[in-house]
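Coordinate inspection notes
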Amino acid sequence: MTTAQQLLKKIEDNTEVVGIIGLGYVGLPLAVSFAEAGVKTLGFDKNPAKVEKINHGDNYIQDIRDAVLREVVDKVAFSATTDFSRMAECDALIIAVPTPLDRFKKPDMRYIESACTDIGRYMKPGTFICLESTTYPTTTEDFMLPIIGENIKTNPHFNDISASDSKATPKNIAPRFFLAYSPERVDPGNPSFHTRNTPKVLGAMTPEGLEIGTKLYAKAIDTIHPVSSPRVAEMVKILENTYRLINISLINELALLAGKMDINIWEVIEAAKTKPFGFQAFYPGPGIGGHCIPLDPFYLEHIAKKYNFDLSMIHTAGHINMRMPHYMYIKIATALNRHKKAVNGSTVLFLGVAYKPNINDERESPALEIMEIVAHKGGKVQYHDPHIPTVQTHGQGALTSIPLTAETLGQADVVVLTTNHSAFEVEFIQKHAKMIVDMRNMIKEAGDKVYKL
Ligand SMILES: NC(=O)c1ccc[n+]([C@@H]2O[C@H](COP(=O)([O-])OP(=O)(O)OC[C@H]3O[C@@H](n4cnc5c(N)ncnc54)[C@H](O)[C@@H]3O)[C@@H](O)[C@H]2O)c1
């Protein structure tokens, strides 16, 4: 039997062990999905606190039901570790580590590099390796493979390859394992689509890798869509997120113009939506947020530069969105001005710091940026978010969510609706706030004291 056939047989017999590297918003739900399907799953994370929580059955991700995590941990289908040498126990290793930007807005590949270093050092031959983190096209073949290859030289399971082996080139070592890319498309907080029922795109370096990946993922995910290579799969994710970026930018730009022209952009969108073909509604807001959409264009730009290619449309879209928090500050200042008040010295209460409704993730949230600007201009910033008890800000350090009561609403000079959490009772807010800036169209009938985007 070939190595590929051996692994396929294990998958068929349900005796394979799947390792998930990075147990965050993406990795933990995926691990639970495999474990629920009866696959023995081992989670790896550098953060000991997360590992300990999982092994106690304590959930920290909103999209997972506590009882489900506890059940898979109790059944010992799933456990977690910080001991990366245990990668040798795994037949498949799936990577879901962060891909942020560095301070120069360049891809910060340290986490993928670190995961690949550990994989190279510890995996056994014939392992299926799949990256799920969002990244630029060519990462799997041109970035990951050489790192894994370099570290394999110190791996005792590959003792036929020595440190000085000139044959240990990426091309030569690639057949010793199965390398693939499959973008994570999870939409946190989405009540209809979760890990299992969101179709999965998969591209592998070899036909054997694609077959193994398809059969393995089919246990945890209902629909697999194979593509011809990792770089196609990498580009799929970038296309999906760039499509959203450009459309959100377009509607934000039109919203700003509509505001000047006294046209209600929300009414325009509702009317445009009646067209049964060729139009998909996107909604304006204070800007883009989250781990993906604000970051991905920079990943694409990084690789486009290597090909001497200028992404002018994506650039423009990025610029529009980058300016949105500043425009939102102007909305707040204008609203206060109408009431003969200055931002300096006013109390501004923000409702929602999460970047989108009903989730506890404030990464890259435009609300935080607007809060920074208001504080910088002398405003007294407060916030309430039912999902986020504290936030770290640049200028003001840690802030704590204040309770949402008639008193807290009434003492603020202006209340700003930054996130449309369904927990917010609009009537209650409208009744007790002195003035409201609504950036999410939560208040349908604006009265005297409501200013809309
Ligand atoms: N969150 C989303 O909605 C979402 C959606 C689609 C794609 N993605 C992409 O998925 C990837 C992961 O995102 P996330 O939101 O799950 O991040 P996260 O920060 O929630 O989780 C990442 C985890 O990886 C761990 N980690 C970091 N370096 C590690 C290493 N070398 N070895 C093992 N563990 C390590 C961290 O401790 C953390 O627990 C990113 O590339 C992101 O762009 C995220």
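Residues numbered from 1 in each chain as written. Predicted model: local features only at pLDDT ≥ 70, side-chain atom pairs only at ≥ 80, totals over all residues. Heavy atoms only, no water.

Near the ligand you find 28 residues, and of these V26, D45, K50, T99 and S114 are the closest. In this structure, V26 approaches the ligand through a main-chain N or O atom, which is 2.9 Å from an oxygen atom. Between the ligand and T99 there is a distance of 2.5 Å, counted from an oxygen atom to a side-chain nitrogen or oxygen. Out of a free accessible area of 830 Å², the ligand has 92% covered by protein chains. (Near = heavy atom within 4 Å. Polar contact = N/O pair within 3.5 Å; in protein donor to acceptor, adjacent residues only side chain to side chain. Areas by Shrake-Rupley, 256 points an atom, 1.4 Å probe, with all protein chains shown as cover.)

Let us look at the domain arrangement of the protein. Domain annotation of the protein identifies domain 1 (3–228) and domain 2 (265–452). One C-alpha centre belongs to domain 1, the other to domain 2; they are set 35 Å apart. Taken together, the 18 residues of domain 1 in the interface contact 18 residues of domain 2. Where domain 1 abuts domain 2, roughly 1,600 Å² becomes buried across the two surfaces, and 60% of that area is made up of carbon and sulfur atoms. By the criterion of area lost to domain 2, the three top residues of domain 1 are Y25, Q62 and Y136, representing 34% of everything that side buries. Scanning the region where domain 1 abuts domain 2 turns up one salt bridge. Of the charged contacts in the structure, one is a salt bridge between K356 and D187, with a shortest N-O distance of 2.2 Å. For the pair domain 1 and domain 2, the number of links is seven residue pairs in polar contact (both at pLDDT 80 or more). Among the residues forming the side of domain 1 that touches domain 2, the class breakdown is nine nonpolar, six polar and three charged. (Domains from an automatic or database assignment. Contact = heavy atoms within 4.5 Å. Buried area = accessible area lost by both parts, 1.4 Å probe. Salt bridge = Lys/Arg side-chain N within 4 Å of Asp/Glu carboxyl O. Nonpolar A, V, L, I, M, F, W, Y, C, P; charged D, E, K, R; others polar.)

Okay, helix α8 (residues 207–217) next. Every α-helix carries 3.6 residues per turn, so stepping three or four residues along brings you back to the same face. Those residues of α8 that fall on the buried side of the exposure criterion are G209, I212, G213, L216 and Y217. Seen end-on, α8 carries its buried residues on one side only, within an arc spanning 115°. (Buried < 20%, exposed > 50% of the residue type's maximum accessible area, 1.4 Å probe, protein only. Helix = DSSP H or I, 4+ residues; strand = E, 2+ residues; numbered from the N terminus. Arc of directions from axis to C-beta.)

Relative to the elements of secondary structure, D448 occurs in the loop between β14 (436–438) and β15 (450–452). Residues D448 and H319, 129 residues apart in the sequence, show an inter-C-alpha distance of 32 Å.

The subject of this paragraph is the packing of helix α5 (residues 110–122) against helix α6 (residues 139–152). Between α5 and α6, the least distance of the axes is 7 Å, while the angle of their chain directions is 45°. In terms of orientation, α5 lies oblique with respect to α6. Both α5 and α6 take part in a crossing whose hand is right-handed. Here α5 contributes I112, E113, C116, T117, G120 and R121 to the contact with α6, which in turn contributes T139, F143, M144, I147, I148, N151 and I152. Looking at the contact of α5 with α6 residue by residue, the classes come out as seven nonpolar, four polar and two charged. (Axes fitted to C-alpha atoms, helices over the stretch in contact; angles between N-to-C directions. Parallel < 35°, antiparallel > 145°, perpendicular 65-115°, else oblique. Left-handed = near helix turned anticlockwise from the far one by under 90°.)

It is at 9 Å that the axes of helix α12 (residues 312–338) and helix α13 (residues 366–376) come closest, and there the two elements cross at 50°. On the basis of their axis angle, the class for α12 and α13 is oblique. Of the two possible hands of crossing, α12 and α13 adopt the one that is right-handed. Along its contact with α12, which presents M322, P325, H326, M328, Y329 and I332, the element α13 presents P366, E369, I370, I373 and V374.

What follows covers the pattern of salt bridges. Throughout the structure, instances matching the rule amount to 19 salt bridges. Across the pair D222 and R196 runs a salt bridge whose closest N-O atoms are separated by 3.0 Å. One end of the pair, D222, is in the loop between α8 and β8 (224–227); the other, R196, is in the loop between β6 (178–181) and β7 (200–204), with 26 residues separating them in the sequence. Judged by its relative accessible area of 28%, R196 falls in the partly exposed class. Among the ionic pairs, K273 bridges to E270, the shortest N-O distance being 3.3 Å. Here E270 falls in the partly exposed class, since its relative accessible area comes to 43%. Sharing partners across several salt bridges, the network here consists of K10, D91 and K124.

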